[in-house]
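Next come the chains, spelled out residue by residue.
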Amino acid sequence: MIIQLKHEISRDLIDQINSRLGVFGFKSTEVQTQSARYLVAIGNVEIDIRQIGCMSGVKDVHHVSDVYKLVSRKWKAAPTSIQIADDVSIKEGAFNIIAGPCAFESAEQIQSIVTFLSARGVKLLRGGAFKPRTSPYAFRGLGIEGLKLAHSIAHKHQMLVVSEVMEISQIGEMHDYIDVYQVGARNTQNFSLLHELGKVDKPILLKRGMSGTIEELLQSAEYIFASGNEKIILCERGIRTFEDAYRNTLDLNAVPLLKEKSHLPVVVDPSHGIGIRRYVSDLALAAIMAGADGVIFETHATPEKALSDGAQTLNFLEADRLITQLQETFAFRKCLKAVL
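For the structure given in this document, a descriptive report is provided here.

1. A few points about the overall build of the chain
Then, number 1: When helices and strands are tallied, the chain shows 11 helices and 14 strands.
Then, number 2: Relative to a compact globule of 340 residues, whose C-alpha radius of gyration would be 20 Å, the chain shows 21 Å and is just as compact.
Then, number 3: With respect to the principal axes defined by its C-alpha atoms, the chain has extents near 65 × 50 × 40 Å.
Then, number 4: Put simply, of all contacts in the chain between residues at least 6 apart along the chain, 68% involve residues at least 24 apart.
Then, number 5: When the accessible area of the chain is evaluated, it comes to approximately 15,100 Å², of which 51% is carbon and sulfur surface.

2. A short note on the packing of aromatic side chains
Then, number 1: As enumerated under the stated definition, the model contains 5 aromatic pairs in all.
Then, number 2: Where Phe-191 meets Tyr-223, the ring centres are 4.4 Å apart and the plane angle is 20°; that geometry is what we call stacked. Taken together, the residues span a long stretch of sequence, with Phe-191 in helix 6 (residues 191-197) and Tyr-223 in helix 7 (residues 214-226) at a distance of 32 residues.
Then, number 3: Connected via pairs of aromatic rings, a cluster forms that spans Tyr-38, Trp-75 and Phe-225.

3. Considerations on the sheet that holds strand 9 (residues 160-164)
Then, number 1: Spatially, 7-8-9-10-11-12-13-14 is the arrangement adopted by the 8 strands of the closed barrel, whose pairing is parallel. Adjacent strand axes in the sheet meet at a mean angle of 25°, parallel and antiparallel pairs treated alike.
Then, number 2: Pairing of strand 7 (residues 96-100) with strand 14 (residues 294-298), which is carried by 5 bridges, proceeds in the parallel orientation. Across the sheet, residue Asn-96 finds its bridge partner in strand 14, namely Gly-294.
Then, number 3: With respect to the sheet, helix 4 (residues 144-156) is in contact with strand 8 (124-126) and strand 9, its orientation differing from that of strand 9 by roughly 160°.

4. Details of helix 7
Then, number 1: The terminal C-alpha atoms of helix 7, which comprises 13 residues, lie 18 Å apart, in line with the 18 Å expected from a rise of 1.5 Å per residue.
Then, number 2: Taken as a whole, helix 7 has its buried residues at Ile-214, Leu-217, Leu-218, Ser-220, Ala-221, Glu-222, Ile-224 and Phe-225.
Then, number 3: Buried residues belonging to helix 7 abut strand 2 (27-32), strand 3 (37-42), helix 6, strand 11 (204-207), strand 12 (232-236) and helix 8 (254-261).
Then, number 4: Gly-228, located one to two residues past helix 7, shows a positive phi value of around 125°.

5. Points about empty space enclosed by the protein
Then, number 1: One pass over the full model with this rule turns up 1 cavity of 30 Å³ or more.
Then, number 2: Empty space within the largest cavity amounts to approximately 30 Å³.
Then, number 3: Considering the residues around the largest cavity, the lining is formed by Ile-84, Ile-90, Ile-98, Leu-124, Val-162, Val-180, Leu-205 and Ile-233.
Then, number 4: The residue inventory of the lining of the largest cavity, partitioned by class, reads 8 nonpolar, no polar and no charged.

6. Quick notes on helix 10 (residues 277-289)
Then, number 1: Inspection of helix 10 places Arg-277, Val-280, Ser-281, Ala-284, Leu-285, Ala-287 and Ile-288 among the buried residues, and these make up the whole buried set. Down the axis, helix 10 shows its buried residues gathered within 155° of arc, on one side only. In helix 10, the exposed positions angled more than 90 degrees off the buried face are occupied by Arg-278 and Asp-282.
Then, number 2: Just downstream of helix 10, Gly-291 is the residue with a positive phi angle, here 110°.

7. Some remarks on the nonpolar core
Then, number 1: Grouped together as the largest cluster of nonpolar side chains are 74 residues, with contacts concentrated most on Leu-117, Tyr-181, Leu-206, Leu-234, Phe-297 and Leu-326.
Then, number 2: What Leu-117 contacts, discounting residues up to four positions off in sequence, is Ala-99, Gly-100, Val-122, Leu-125, Met-159, Thr-299 and Ile-323.

8. Describing the packing of helix 10 against helix 11 (residues 316-339)
Then, number 1: The N-to-C vectors of helix 10 and helix 11 enclose an angle of 20°; their axes lie 9 Å apart at closest approach. Of the possible angle classes, the one that applies to helix 10 and helix 11 is roughly parallel. Note on packing geometry: the crossing formed by helix 10 with helix 11 is right-handed. Residues Arg-277, Ser-281, Ala-284, Leu-285, Ile-288 and Met-289 of helix 10 pack against Glu-318, Leu-322, Gln-325, Leu-326, Thr-329, Phe-330, Phe-332, Arg-333 and Leu-336 of helix 11.

9. Regarding the packing of helix 3 (residues 107-118) against helix 11
Then, number 1: Between helix 3 and helix 11, the least distance of the axes is 11 Å, while the angle of their chain directions is 25°. Overall, the two elements helix 3 and helix 11 adopt an arrangement that is roughly parallel. When the axes of helix 3 and helix 11 are compared, the crossing they make is right-handed. Between helix 3, through Ser-112, Ile-113, Phe-116 and Leu-117, and helix 11, the contact on the second element is made entirely by Phe-316, Ala-319, Asp-320 and Ile-323.
Then, number 2: Residues of the contact of helix 3 with helix 11, tallied by class, amount to 6 nonpolar, 1 polar and 1 charged.

How each quantity is defined
Residues numbered from 1 in each chain as written. Predicted model: local features only at pLDDT ≥ 70, side-chain atom pairs only at ≥ 80, totals over all residues. Heavy atoms only, no water. Helix = DSSP H or I, 4+ residues; strand = E, 2+ residues; numbered from the N terminus. Rg over C-alpha atoms; globule rule 2.2 N^0.38 Å. Contact = heavy atoms within 4.5 Å. Areas by Shrake-Rupley, 256 points an atom, 1.4 Å probe, with all protein chains shown as cover. Phe/Tyr/Trp six-rings, centres within 6.5 Å; stacked < 30°, edge-to-face > 60°. Pairing = 2+ DSSP bridges. Axes fitted to C-alpha atoms, helices over the stretch in contact; angles between N-to-C directions. Expected span 1.5 Å × (residues − 1). Buried < 20%, exposed > 50% of the residue type's maximum accessible area, 1.4 Å probe, protein only. 1 Å grid on protein atoms, 1.4 Å probe; cavity = no way out; pocket = protein on both sides within 12 Å on 5 of 7 lines; lining within 4 Å. Points joined across faces, edges and corners; volume = space filled by probe spheres on them. Nonpolar A, V, L, I, M, F, W, Y, C, P; charged D, E, K, R; others polar. Arc of directions from axis to C-beta. Core = buried A, V, L, I, M, F, W, Y, C linked by side-chain atoms within 4.5 Å. Parallel < 35°, antiparallel > 145°, perpendicular 65-115°, else oblique. Left-handed = near helix turned anticlockwise from the far one by under 90°.

The following block contains the structure:
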């Protein structure tokens, strides 16, 4: 059960609600987010929720059977809009492109990519400053100095920065140089990190784990929400299966299913989803038709010289073509939806 509390509710009234919930056999947890206050009540009994809804200080009450409560669409039918800047929102009906290198490498590299993307109307720059690499000898990013460079260059072109946080200690130092924290596949179930990200006032782009189920992804999102941050963007980036012909298996089935189960927006990462450059564009377009609210992909002036993930990174010619195709395909999807 989710109990939405009125903004001006007193401590005494909350205690009264908790007391009644206890009588009914429920254990409740109070959740205070950037914009609202909730009680999440867990119990194995059936009650008439009007007995709680009629109490002073209660704004609304919802029965939610899912193990993930706050991110479930069962209590919030309207899709959530994640406002990143005045003119940038991740939401249904407002398709967004997030693009950039796998890793920030130098001021010159960042400048070339930002200049290219901003000229094509892309508002969100992705790129890693701290890179989780399988090999300890591979390039692992420029660290906080690389993020400062990206922030400085991007903001001069009115672009926003999306970059991966890998551990709790990085949250604070990254805060002033980032607009969206990304949680990578390796950290999707790092619950200590998710809990701390619940305390920040910036959006979180949460990627699906390499072997994670839909429910596990939503449970991870629940950790962030329950810790105080409602600004969560779900990302399908492919899962590890028995197939070894490509890097991962991009699960486009997840897009409509996530949007049915959760009110949170969903974006798709085709670059990591397949890991093969020549197929990235096709999967990006398929993601739009599956209902994605955005696409995140990798681009670099010369992917062959990229210090990480060059094999899945589009060059500028390929990226330019894809951006146009994404815009056209999204417009087609809107028209098709209106007709159907």
